[in-house]
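# Geometric and topological summary
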Amino acid sequence: MCGIIAYTGPKKAINVLLGGLESLEYRGYDSAGVSVLEHGNRIFTYRSAGKLKTLRTLIQNAKSRSQLSGSTGIGHTRWATHGSPNDKNAHPHCDCSGEIVVVHNGIVENFSELRELLTSQGHKFTSETDSETIPHLIEQFSQRGDSLEEAVRKTAVKIKGSNAVVAMSQAEPGKIVALRLGNAGGIAIGHGKGEMFVASDLPALIPNTTTISYLEGGEIAILDENSATFMNLEGESILKDPNKIEYDPISITRGNYPHFMLKEINEQPEAIMSSLRGRLNLEKGIVALEQFPLSQKDIIALKKVVIVGMGTSLHAAMVARYWI
Ligand code: GLU
């Protein structure tokens, strides 16, 4: 499960974003990135494969040039599903003009049709991800005159699967739009005083605010530093009352479970569903592993398979040995 963080308010967004991503590291990730809307309304994006330390170094080195002092931004730690874990596949992803940026958690199940269609309409893709279809769809609606939230809403109707999306645009400084479709990890909104936050999990919000509201599947949040409004996929506005939550970072990460092992055991069905989502088609009986480098012919020609594991992965390896 990847991590999402977004901020709009008076502070330097970069510090909030990096701090938030660090507190989401426990979720696991292979690459990370941030986009900040600078004064003068230009978006700067930094992305890198590997740990947040690498991203921090990249930003430190670039900082003297661009002075990352903007106060609206989005950030992401990626767990690759479509496209290798490298710099160019790391989020945020942008539209053709670089004016709209998006972070995404989940899988756009119809991404190949969408990508083909968008490419035929002249959109240029720069990554191998399913996620990049989202900023291009938003771009298309924005060009027809839609606001960011309206463009995100219309995009939500076009994409299939469980997805969490956060978007920001140069054209609407200070605005953050978040979308949740189905169950692709959570989207929590943190309500501060004169500042607003979005995160995929509470540990990233708690140091900043304990006033929280949650997006359900099919809901969109529209945030600026002073307000949060909500709507559904039909564009009807929804009222949500934020709740005050207890400040205890450990029990927040642990949820309602008395200890972490029980949490991990109970999260297994969702973890398995997340890794199979978009790869297993039960109706057609097809398993599609896009990144798997061997063809069926290669696999049939294999003489020996060695599976390496230790602890729990050793037990998984023993099951695989039995199946093979
Ligand atoms: N499917 C997206 C990708 O491969 C998002 C993965 C994630 O949830 O981190 O980039």
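In short, a report on the structure. Along each chain, residues carry numbers from 1 onward, in the same order as the chain's sequence is written. Local features in this predicted model are restricted to residues whose pLDDT is 70 or higher, and side-chain atom pairs enter the listing and the counts only when it is 80 or higher, whereas totals over whole chains, interfaces and linings include all residues. Side-chain metrics in this entry use all non-hydrogen atoms of the structure; hydrogen atoms and water are not considered.

## A closer look at the pattern of salt bridges
A pair is scored as a salt bridge if a Lys or Arg side-chain nitrogen falls within 4 Å of a carboxyl oxygen belonging to Asp or Glu. Under the definition given, this model contains ten salt bridges. Close ionic contact of Lys11 with Glu195 constitutes a salt bridge, the shortest N to O distance being 3.1 Å. Placement of the pair is Lys11 in the loop between strand E1 (3-8) and helix H1 (13-23) and Glu195 in the loop between strand E9 (188-191) and strand E10 (196-199), with a sequence separation of 184 residues. With relative accessibility at 9%, the residue Glu195 sits in the buried group. Between Lys263 and Glu267 there is a salt bridge; the shortest N-O distance is 3.2 Å. Of this pair, Lys263 and Glu267 both sit in helix H7 (residues 260-276), separated by four residues, roughly a single helical turn. One continuous salt-bridge network, built from bridges that share partners, spans Glu149, Glu172 and Lys175. Only DSSP runs of H or I with at least four residues qualify as helices, and only runs of E with at least two residues qualify as strands; both kinds are numbered from the N terminus onward. With a 1.4 Å probe rolled over the protein chains alone, any residue whose accessible area is under 20% of its type maximum counts as buried; one over 50% counts as exposed, and the rest are partly exposed.

## Side note on the nonpolar core
Among buried residues, the Ala, Val, Leu, Ile, Met, Phe, Trp, Tyr and Cys ones that are joined through side-chain atoms within 4.5 Å form a nonpolar core. Core analysis: the largest hydrophobic core is formed by 27 residues, its most contacted members being Ile14, Val34, Tyr46, Leu55, Ile59 and Leu205. Secondary-structure elements contributing two or more residues to this core are E1, H1, strand E2 (31-38), helix H2 (52-66) and E10. At six residues, H1 tops the list of elements feeding residues into this core. By definition in these notes, contact holds between two residues if any of their heavy atoms fall within 4.5 Å. Excluding residues within four positions of it along the chain, Leu205 makes contact with Ala188, Ile189, Gly190, Phe197, Val198, Ala199 and Ile212.

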